[in-house]
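# Remarks on the overall topology
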Amino acid sequence: MTIKEIFDTMTYGPAPESAAEALAWLVDQGARFGHFIDGDFTAPGDGFDSKNPATGEVLATLSQASQSDVDGAVAAARKAQGKWAALGGAGRARYLYAIARLMQKHARLFAVLETLDNGKPIRESRDIDVPLAQRHFYYHAGMAQLMESELPDREALGVCGQIIPWNFPLLMLAWKVAPAIAMGNTVVLKPAEYTSLTALLFADICRQAGLPKGVVNIVTGDGAVGEMIVGADVDKIAFTGSTAVGRRIREATAGSGKALTLELGGKSPYIVFDDADIDSAIEGLVDAIWFNQGQVCCAGSRLLVQEGIAERFHRKLRTRMDKLRIGNPLDKSIDVGAIVDPVQLTTISEMVAANTAGRMHQAQVAVPERGCFYPPTLIEGLAPSDALMQEEIFGPVLVSTTFRTPSEAVELANNTRYGLAATLWTENVNLALDIAPKLVAGVVWVNATNLFDAAAGFGGTRESGFGREGGWEGLSAYTKPKGKAKTLDQVQGFSGEGAPVDAVDRTAKLYVGGKQARPDGGYSKAVHAKSGALLGHVGLGNRKDVRNAVEAAAGAKAWSKTTGHLRAQILYYIGENLSARASEFADRIDRMTGKSQGAQEVEASIQRLFTAAAWADKYDGQAHGVPIRGVALAMKEPVGVIGALCADEAPLLGLVSVMAPAIAMGNRMVLAASEAYPLAATDFYQVLDTSDLPGGVVNILTGRHAELAEPLAAHLNVDAVWSFSSSDLSSTIEAASAGNLKRTWVNNGRALDWSADHSRRFLEAATEVKNIWIPYGE
Ligand code: NAI
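Residues numbered from 1 in each chain as written. Predicted model: local features only at pLDDT ≥ 70, side-chain atom pairs only at ≥ 80, totals over all residues. Heavy atoms only, no water.

Our next topic: the packing of aromatic side chains. Across all of its chains, the model carries 24 aromatic pairs by this definition. Measuring from centroid to centroid gives 6.3 Å for Trp754 and Phe762, while their planes differ by 25 degrees, and the two rings are stacked. What makes Phe762 buried here is its relative accessible area of 1%. Grouped by ring-pair contacts, the aromatic residues Trp722, Phe724, Trp745, Trp754 and Phe762 constitute a single cluster. Across the ring face of Tyr478, the terminal group of Lys236 is positioned such that the distance to the ring centre comes to 4.6 Å. Between Lys636 and the ring centre of Tyr619, over which it is positioned, the NZ or CZ distance is 3.8 Å. (Phe/Tyr/Trp six-rings, centres within 6.5 Å; stacked < 30°, edge-to-face > 60°. Buried < 20%, exposed > 50% of the residue type's maximum accessible area, 1.4 Å probe, protein only. Lys NZ or Arg CZ within 6 Å of the ring centre and 35° of its normal.)

As a further point, take the site of the ligand. Close to the ligand lie 26 residues, the nearest being Ile164, Trp166, Lys190, Glu193 and Ser242. The side chain of Glu392 places a nitrogen or oxygen atom 2.9 Å from an oxygen atom of the ligand. Relative to its free-state accessible area of 800 Å², the ligand is covered by the protein chains to the extent of 87%. Of all the secondary-structure elements, those providing two or more residues to the shell around the ligand are α9 (223-231), β9 (236-240) and α10 (243-253). Its residues placed into classes, the shell around the ligand shows twelve nonpolar, eight polar and six charged. (Near = heavy atom within 4 Å. Polar contact = N/O pair within 3.5 Å; in protein donor to acceptor, adjacent residues only side chain to side chain. Areas by Shrake-Rupley, 256 points an atom, 1.4 Å probe, with all protein chains shown as cover. Helix = DSSP H or I, 4+ residues; strand = E, 2+ residues; numbered from the N terminus. Nonpolar A, V, L, I, M, F, W, Y, C, P; charged D, E, K, R; others polar.)

UniProt's entry tags Glu263 with the feature "active site" (unreviewed entry), counted in the numbering of this structure. Here Glu263 falls in the buried class, since its relative accessible area comes to 3%. Excluding anything up to four places from it in sequence, Glu263 contacts Phe239, Thr240, Gly241, Cys297, Leu420, Phe458, Ser464 and Glu469. (UniProt positions renumbered as here; feature names shortened; annotations may be inferred. Contact = heavy atoms within 4.5 Å.)

Pairing between strand β25 (residues 524-528) and strand β26 (residues 534-539): five bridges, direction antiparallel. What sits directly across from His528, in β26, is Leu534. Between β25 and β26, which pair antiparallel and follow one another directly, the connecting turn spans five residues, one of which, Gly532, has a positive phi of 95 degrees. (Pairing = 2+ DSSP bridges.)

All right, on to the confidence of the model for the chain then. Caution applies to low-pLDDT regions: their predicted coordinates should not be interpreted in detail. Residues with a pLDDT of 70 or more make up 99% of the chain, whose mean pLDDT is 96. We note a pTM of 0.97 for the whole complex and an ipTM of 0.96 for its interfaces. (pLDDT = per-residue confidence, 0-100.)

Moving on, we get to the pairing of strand β18 (residues 443-446). In β18, alternate side chains face the same way, and those of Val443 and Trp445 on one face and Val444 and Val446 on the other are all buried. Pairing geometry for β18 and strand β34 (residues 767-775), over three bridges, is parallel. Bridge pairing in β34 places Val443 opposite Asn771.

Cross-referencing UniProt, the feature "domain: Aldehyde dehydrogenase" (unreviewed entry) maps to residues 48-482 and 527-747 in the present numbering. As annotated, residues 48-482 comprises 43% helix and 19% strand, and the C-alpha atoms at either end are separated by 43 Å. With 48% helix and 19% strand, residues 527-747 has end C-alpha atoms that lie 25 Å from one another.

Another aspect to go through is the side chain of Ser301. By secondary structure assignment, the location of Ser301 is in strand β12 (residues 300-306). Exposure remark for Ser301: the relative accessible area of 8% places this residue in the buried category. Excluding anything up to four places from it in sequence, Ser301 contacts Lys267, Ser268, Ile289, Val397, Leu398 and Val399.

Bringing the side chain of Thr702 into the picture now. Among the structural elements, Thr702 can be located in the loop between β31 (698-701) and α25 (705-714). For Thr702, a relative accessible area of 1% translates into the label buried. Engagement of the side chain of Thr702 in a polar contact is seen with the backbone oxygen of Gly539, the distance being 2.7 Å. Residue contacts for Thr702: discarding those within four places in its chain leaves Leu510, Val538, Gly539, Leu540, Gly541, Ala673, Pro678, Thr682 and Leu708.

Now for the packing of helix α21 (residues 582-593) against helix α22 (residues 598-616). Taken N-terminus to C-terminus, the directions of α21 and α22 make an angle of 130 degrees; their axes are 7 Å apart at the nearest point. When the axis of α21 is compared with that of α22, the two are oblique. The way α21 lies across α22 gives a crossing that is right-handed. Taking contact as the criterion, the partners of Ala582, Phe585, Ala586, Ile589 and Asp590 in α21 are, on α22, Gly598, Ala599, Glu601 and Val602. Considering only residue class, the contact of α21 with α22 consists of six nonpolar, one polar and two charged. (Axes fitted to C-alpha atoms, helices over the stretch in contact; angles between N-to-C directions. Parallel < 35°, antiparallel > 145°, perpendicular 65-115°, else oblique. Left-handed = near helix turned anticlockwise from the far one by under 90°.)

What follows covers the nonpolar core. In this structure, Phe137 and Phe202 are the most contacted members of the largest nonpolar core, which totals 115 residues. For this core, the element with the highest residue contribution is helix α7 (residues 169-182), accounting for eleven residues. Discounting residues that sit within four places of it in the chain, Phe137 has contacts with Leu96, Ile99, Ala100, Met103, Ala174, Val177, Ala178, Ile181 and Phe202. Ranked by size, the runner-up nonpolar core spans 70 residues in total, among them Val491, Ala586, Ala662 and Leu763. (Core = buried A, V, L, I, M, F, W, Y, C linked by side-chain atoms within 4.5 Å.)

This part is about unusual backbone geometry. Of note, the phi angle at Gln293 is positive, near 55 degrees, even though the residue is not glycine. In this structure, Gln293 sits in the loop between α11 (278-289) and β12. In this model, Phe394 sits at a positive phi of 60 degrees, which is unusual for a non-glycine residue. Inspection of the secondary structure assignment puts Phe394 in the loop between α14 (387-390) and β15 (397-403).

The topology assignment puts Leu303 in strand β12. In this structure, the C-alpha to C-alpha distance between Leu303 and Leu211, residues 92 residues apart in sequence, is 45 Å. Setting aside its immediate chain neighbours within four residues, Leu303 contacts Tyr270, Val272, Leu285, Phe313, His314, Leu317, Leu398, Val399, Ser400 and Thr401.

Here helix α23 (residues 653-664) spans 16 Å end to end across twelve residues, near enough to the 16 Å set by a 1.5 Å rise per residue. Of the residues making up α23, those classed as buried are Leu653, Gly654, Leu655, Val656, Ser657, Val658, Met659, Ala660, Pro661, Ala662, Ile663 and Ala664. Downstream of α23 by one or two residues, Gly666 has phi in the positive range, about 95 degrees. (Expected span 1.5 Å × (residues − 1).)

Turning to the sheet that holds strand β27 (residues 622-624), a few remarks are in order. The strand order across the open sheet formed by ten strands is β13-β14-β15-β12-β11-β17-β18-β34-β28-β27, and the pairing between neighbours is mixed. Two strands bound the open sheet, and with one partner strand each, they are β13 (359-362) and β27. Here the average twist between neighbouring strands, direction ignored, is 20 degrees.

Within the structure shown, the criterion is met by eight cavities of 30 Å³ or more. Looking at the lining of the largest cavity, the elements with two or more residues in it are α6 (122-150) and α7. In terms of residues, the lining of the largest cavity owes the most to one element, α7, which gives three residues. Classifying every residue of the lining of the largest cavity gives twelve nonpolar, no polar and one charged. (1 Å grid on protein atoms, 1.4 Å probe; cavity = no way out; pocket = protein on both sides within 12 Å on 5 of 7 lines; lining within 4 Å. Points joined across faces, edges and corners; volume = space filled by probe spheres on them.)

What follows deals with the pattern of salt bridges. Within the structure shown, the criterion is met by 37 salt bridges. Close ionic contact of Arg108 with Glu17 constitutes a salt bridge, the shortest N to O distance being 2.9 Å. With Arg108 in helix α5 (residues 107-118) and Glu17 in the loop between α1 (3-9) and α2 (20-28), this residue pair connects regions lying 91 residues apart in the sequence. Given a relative accessible area of 12%, Glu17 falls into the buried group. A network of salt bridges, in which partner residues are shared, links Asp40, Asp204, Arg207 and Lys213. (Salt bridge = Lys/Arg side-chain N within 4 Å of Asp/Glu carboxyl O.)

Encoded structure:
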């Protein structure tokens, strides 16, 4: 091409980045890798090839970890953990800084190696993946430094098993490793089988940084190795990947006591209102769905455009698509690189081929014949129920539909089983701030998309998983409260034959939707005092009663929209009303438990109510200082409907301590009262009845925890389940929760000291953090 022709056409020439240094590094390592265990690489074993998806060439041979490799890595991590935690935050911070610096020093090597291994454009690995990974280590070096002063009540979990996907190999490693080791944990990490090379280079960096042996261990292999890590003697599993595997891990870890965070798939909406800056919204879409070939969990893969501009918008979009450049990922002028592996390419091709709905446009661009390439694709005019509107494609395929009104946009946006991210474009700040809170998503971008930073937590709700990575909120996933909890013994109520104490045989009903309700099964059980005297009867709730209570709680949505100020007043009122009946409650508790704990319980319960009232308008979010011209507002939102099996041993305090912070944050509750001593709860709903609490916000069931746990944990309209029951139902609950991947908090047979105030833990469990990124200032 002559210079004149270049000026006439303004086409880009190739600008390839050299792969020489990265290939030389691979040769230096013998192009065969073992695992990184206890500070050293093991001898390479049987394994598999890692290929460059753009060319099909073999880059290196990796080892498939055996059970003994995984056990060895876990043992090394276990051995190293105590000393690493004891080093203190400031001591650990120095290693994190050293790692960040070394990553910066070798930034280009990391970027080229990542592009060779994954197929993503070098512009992205160079400008996004690698700098963000470094930033994560810098940021968490700071978190380590601040741990003792800012998180004085928290300590490391222990050994963390971490399993990551192939779409952001180094970045996902950084998201997992940096917070874990900053907080004093040690890790065993498995990169995805397609993309392990930058993790192995990172292992080398750990060695260069002098990181103590065993703090970071890396084993390679496929899903079978992932399963071995899940089953190993680790204290936590952190997983990023498909929803199907996430669900299996939830089931596999149920009842094991292992902490779990899951960052799973998405089908994130990209909403364009008719007053949006259309050209910016189109450039945003290039980043939303063609960034990393659409292999992004939070990709804006579902375009929703307001009807009035839909035709013009789609026309401009098609024109823009035809200008995208697809090809050699090492070429700096390439927009769209290679799909990670032929397997993924086949999945994408088959999903698109199976679709017959809508109109398809594939970018009119030259697609390389060799290698795993798929053209940018748009499918317009789909119905919300069409498979491609619901299923994650995980490729460069955008689907779209239109809407008329903002409320229809919200309805369409939330019409998904996922809840990871959402993008909205409008020039109207009022509209943006009206819509953002209504979107079910862990992250919302306003007039921007796919922005990430270590200071802003990332993670989703619904089937996109639970837990956050990054920010202050990400740290709770790698820490636990200090101290060792006592074992919780099963608490049994008393039995007896005696006559009713007050001569009137009353059967307390269930409390559903603000009304007393007879149990569906028509069964009740007697509650006796230590002396054997009959104190009363309670209904035995069943599966149907759980469903009714959940329906009532789900229907009380308006509570979540009330102000903290209003909720505080109602909580104070409940406290006052309880106070007026304090001695009656204390007496009832003493009789049921056969101990003199009643007065203390009632007093502490009143305090919990007042504390929750105090927090109702003070458990604020944050404005994160992210390094862009904007802010990330970390807003605390209610989780939704929370089911809780209340403590047996503290019949009133156990219920109030759980209920008060949760409703203070705007949640609605289904509470299963103490099974052993249920009458305090049934008396308590009379207090609720007289305290202006809207019906359905708190629903109280009585009966056998073992019978109520499973239907509560399996119910799709329940967003979180907690259990403090002395019947250890942790395994049942966690396994049943896998259906809609709801958040769980179970006691694993350990006691919580109810005399202590755990309000902060409850407030945290009762809220979801939504990070809303908003352009701000210059
Ligand atoms: P995957 O979920 O199977 O793989 C992710 C990681 O989990 C890999 O390291 C893999 O080796 C490991 N793994 C696989 N099976 C496991 C098991 N039973 N126990 C423990 N670990 C296991 O994802 P895959 O098959 O690579 O991709 C399939 C689909 O998953 C994609 O098309 C996409 O829809 C979704 N996906 C979502 C990601 C996200 O970031 N949310 C990332 C990768 C894939």
